[in-house]
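Observations on chain architecture
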Amino acid sequence: MSENEINQRRGRNDIVARNKKKRPSSSFSTAAAAAADKKESMMLSSMKRRTQVKMKHHRRYFNSCIVIFIVASILIFFLLFFYSMTKGHDGTHADSSSISDRFVTKQPPTGSSFPWPTRTRRRRNATTDGATVSYNDNATIKHSQMQNHQPLLKFVTVVLPSVVNPKGRTKRLDAITSTWGPMSHAIYVTHPRSDSDYSLPPRRNSMGNTNTSSHSTSTSSTAATTFPQIMPIDASIATEEEGIPRLKHIINQIVQQYNPDFAFFVNDHTFVIPQHLCYFLTATATTARHGLVLRPDQHVYAGHALRPKNQKGLKYAFNSGASGYILSRKTMQFLMEHLNDDEIHNRRKWLQGNPGLVIAQCLKEKLGLDPIDTRDDMKRHVFHAFGLIRVVKKEMDDWYEKKHEDLYEILGEDVMYGHELQKGTLCCSPKTVSFHYVEWAETLALWEILMHVSQRKKQGDEHGMTRDELQQLMLKKWPTEKKDIGGYSHNLPPLVKRDVWDDLLNVVMSIAPSSQENEELCMLNY
């Protein structure tokens, strides 16, 4: 090796040695790394805190927006409510000049021999010329002349003889007389010298005198205070088994003697809530029934629609005679003219016992008139062909349930339930009008219970009674003997059936009348 190579190698070694001296110790390297990690951790922590502060501010801003939205919605609601209260239904502002015109009435129907009593009713809005009465946004009744002392609603409830348990008819009619009969303007159809013969118990008039007349057909000014009334059917007109000629005769007599806006046809096993019947018939109630307006000068056929199975030829639906059906004045006048002799004197015993089927066929064939879907907006029925407990439990006869299966062809599609009957609180509209298969003792009990709850509602209690109070009242008042309930009704459920009791109590609280106005509508003719 030359001297130059030796010197070059020594130089490289010196450089390596100097570099080794410059390298820090391992302990110094660890401390520097720790410091760097701490600095990085502090930076991350600071960023996290800043992010949390920003999120907190965002949440506060979002919550503030929600509060502002809620407050603004409430304010808008009250402004709209106040605006609607200060405006008439026809869009005109209510002012002091129209106050004197707020008590208006309707003209009694022309051609009526029945002395409909008179009473005024405060309307919702009025114009100063007195030419228009608006009951709601959809129904307006015009009068060429406004006169005082005219009834607002004219209707009667025709109570036909029930074919079930005819021996108990007297007790049932007595129960109806002491409960829903007077307010529903009941007219009892009887057959003298037969099982359906009946005489009204003595009643006292406004002067305190006893009226012993069993057939209230007087045309004096006091006749209107004598509901229920009796319509006797002589055997020369129709026997008890001849349902079709009897029904046509009844319709003729109703139109000629009373000429009401509407007639509600039931039998003596039907239980009626008259306040809800009035609600259903008045124009004010139509906004709750899909905008439907019931008018006496238009054809009306309303009740609980059923559809016969396996129909051949004419496809039609009919309203259950058990739950009752409503005919308008125009429809009754049409039936008076168009029920022909072949239909009236049909020899088929089944049709003579079910004249409502003939009515439905005639209206469909000659008018194209179908029953109305009378369910409320939640598809709850208003008219019921069975008693309260069976309806709530949905324990009704199989034939009855099957007659709802094909209703879509008549009433249209029901995407919610397919027209199927519902159970529990979905069974019954709060404005339920009728039940059926209600014997005399159940009539008295149900009426007393509903009126008790209704009275509590009018006193300011929203629900009427507590659940325990209502249950105890029902246990105390409801009949327990089968002979008092009848073969087609059910007893109250056992106390252990809490789910059934919950539904039953909720339905009773719901269907108890709560509106003083509806009761006044019913009492207009007294």
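Below you will find a few notes about this structure. Given the structure is predicted, the values throughout are model-derived calculations rather than measurements. Positions within a chain are numbered from 1, following the residues in the order the chain's sequence is written. Selection of residues for local features in this predicted model requires a pLDDT of at least 70, selection of side-chain atom pairs for listing and counting requires 80 or more, and totals for whole chains, interfaces and linings are taken over all residues. Hydrogens are left out, water is left out, and the side-chain values use all remaining heavy atoms of the structure.

This brings us to the overall build of the protein. Strands here are runs of E lasting at least two residues and helices are runs of H or I lasting at least four, both read from the DSSP assignment and numbered beginning at the N terminus. Looking only at helices and strands, the protein has 17 helices and 17 strands in total. Counting every atom, the protein has about 28000 Å² of accessible surface; 53% of that belongs to carbon and sulfur. The Shrake-Rupley method, run with a 1.4 Å probe sphere, supplies the accessible areas, and residue values consider only the shown protein chains as cover.

As a further point, take the environment of Ser236. Along the polypeptide, Ser236 turns up in the loop between strand 9 (229-232) and helix 4 (243-258). Among the polar contacts made by the side chain of Ser236, one reaches the side chain of Asp234 at a distance of 2.7 Å. Within 3.5 Å is the distance limit for a polar contact, defined as a pair of N or O atoms, with the added protein rule that one can donate a hydrogen and the other accept it, and that residues adjacent in sequence qualify only through two side-chain atoms.

Okay, helix 16 (residues 498-511) next. With 14 residues, helix 16 extends 20 Å from end C-alpha to end C-alpha; this agrees with the ideal 20 Å at 1.5 Å per step. For this analysis, residues touch if any pair of their heavy atoms sits within 4.5 Å. At its buried positions, helix 16 is contacted by helix 5 (274-281), helix 10 (388-393), strand 17 (434-435), helix 13 (440-458) and helix 14 (467-477). By this rule the span expected of a helix is its residue count minus one, scaled by 1.5 Å.

A few words now on the sheet that holds strand 10 (residues 262-267). The pairing criterion for strands is at least two bridges between them, as found by DSSP. Taken together, the seven strands give an open sheet; going across it, the order is 9-6-5-10-15-12-16, and neighbouring strands pair in mixed fashion. Strands with a single pairing partner mark the edges of an open sheet, and in this sheet they are strand 9 and strand 16 (372-373). Judged from the four bridges that link them, strand 6 (residues 186-190) and strand 9 form a sheet pairing that is parallel. Bridge pairing in strand 9 places Tyr188 opposite Ile230. Only C-alpha atoms enter the line fits that serve as axes; for helices the fit covers just the stretch in contact. Angles between N-to-C directions range over 0 to 180 degrees. Sitting on the sheet, helix 4 is in contact with strand 5 (155-160), strand 6, strand 9, strand 10 and strand 15 (325-328), with an inclination near 155° to strand 5.

Turning next to a nonpolar patch on the surface. Where nonpolar side chains cluster on the molecular surface, the patch consists of Phe62, Ile66, Phe69, Ile70, Ile74, Phe77, Phe78 and Phe81 and spans about 870 Å² of accessible area. Mapped onto the secondary structure, Ile74 falls in helix 2 (residues 26-85). We call a residue buried when its accessible area falls under 20% of the maximum for its residue type, exposed when it is over 50%, and partly exposed in between, using a 1.4 Å probe and counting protein chains only. Assessed through its relative accessible area of 45%, Ile74 is described here as partly exposed. In this scheme, patches are assembled from residues that exceed 30% relative accessible area and form no salt bridge. Like charges are connected within 9 Å, while nonpolar side chains (Val, Leu, Ile, Met, Phe, Trp, Tyr) are connected within 5 Å. For this analysis, a salt bridge means a side-chain nitrogen from Lys or Arg found within 4 Å of a carboxyl oxygen belonging to Asp or Glu.

Turning our attention to the nonpolar core. A general feature of soluble globular proteins is that nonpolar side chains tend to end up buried together. The nonpolar core is taken to be a set of buried Ala, Val, Leu, Ile, Met, Phe, Trp, Tyr and Cys residues, with the residues joined through side-chain atoms within 4.5 Å. One finds Ile254, Phe265, Leu388 and Met474 to be the most contacted residues of the largest nonpolar core, which totals 100 residues. Not counting chain neighbours up to four residues away, the residues in contact with Phe265 comprise Val158, Leu247, Ile250, Ile251, Gly321, Gly324, Tyr325, Leu327 and Met332.

Attention now goes to unusual backbone geometry. In this structure, Pro228 follows Phe227 across a cis peptide bond, with omega equal to 0°. Residue placement: Pro228 occurs in the loop between strand 8 (210-211) and strand 9. One non-glycine residue, Lys379, adopts positive backbone phi at about 65°. A positive phi angle, close to 65°, is found at His419, a residue other than glycine.

Packing of helix 13 against helix 16 brings their axes to within 8 Å, and their N-to-C directions diverge by 65°. Crossing angle aside, the handedness with which helix 13 passes helix 16 is right-handed. Residue-level inspection shows Ile449, Leu450, Val453 and Lys457 of helix 13 in contact with helix 16, the latter providing Val508, Met509, Ser510 and Ile511. A breakdown of the residues in the contact of helix 13 with helix 16 according to their chemical character gives six nonpolar, one polar and one charged. Crossing handedness: left-handed means the near helix sits turned counterclockwise from the far one by under a right angle, and right-handed means the same turn made clockwise. For this scheme, ten residues count as nonpolar: Ala, Val, Leu, Ile, Met, Phe, Trp, Tyr, Cys and Pro. Four count as charged, namely Asp, Glu, Lys and Arg, and the remainder, Gly too, count as polar.

Now for the pattern of salt bridges. What the rule picks out here adds up to 20 salt bridges. Close ionic contact of Lys315 with Glu409 constitutes a salt bridge, the shortest N to O distance being 3.8 Å. Of this pair, Lys315 sits in the loop between strand 13 (305-306) and strand 14 (318-319) while Glu409 sits in helix 12 (residues 408-411), and the two are 94 residues apart along the sequence. Given a relative accessible area of 43%, Lys315 falls into the partly exposed group. A salt bridge links Arg380 to Asp376; its shortest N-O distance comes to 2.9 Å. Here Arg380 falls in the buried class, since its relative accessible area comes to 16%.

Mapped onto the secondary structure, Asn491 falls in the loop between helix 15 (482-485) and helix 16. Not counting residues up to four positions away in its chain, the partners in contact with Asn491 are Ile389, Pro479, Thr480 and Ile485. For Asn491, the side chain forms a polar contact with the main-chain oxygen of Thr480, separated by 3.2 Å.

What follows is about the packing of aromatic side chains. Note on ring pairs: Phe, Tyr and Trp rings are taken, using the six-membered ring of Trp, and paired if centres are within 6.5 Å. Classes follow the plane angle, with under 30 degrees stacked, over 60 edge-to-face and the rest tilted. Under the counting rule described, the total for this entry stands at eleven aromatic pairs. Judged by centre distance (4.5 Å) and plane angle (15°), the rings of Tyr437 and Tyr488 are stacked. Residue Tyr437 is found in the loop between strand 17 and helix 13, and its partner Tyr488 is found in the loop between helix 15 and helix 16; the two are separated by 51 residues along the sequence. Look at Tyr437 and you get buried, because its relative accessible area is 13%. According to the relative accessible area criterion, Tyr488 is partly exposed, its value standing at 38%. Among the aromatic residues, those joined into a ring-pair cluster are Phe386, Trp399, Tyr400, Tyr437 and Tyr488. Lying over the aromatic face of Tyr279, Lys431 brings its terminal NZ or CZ to 4.7 Å of the ring centre. Ring-over charges, as used throughout, are those where CZ of Arg or NZ of Lys falls within 6 Å of the ring centre and within 35 degrees of the ring normal.

To continue, consider the environment of Asp268. Mapped onto the secondary structure, Asp268 falls in the loop between strand 10 and strand 11 (271-272). On the accessibility criterion, Asp268 (1% relative accessible area) is buried. For the pair formed by Asp268 and Val438, sequence separation is 170 residues and the distance between their alpha carbons is 8.6 Å. Those residues in contact with Asp268 that sit more than four places away from it in its chain are Val159, Leu160, Pro161, Ser162, Arg169, Arg172, Leu173, Ile176 and Val438.

From the geometry alone we can't say anything about function, so treat these as descriptive.
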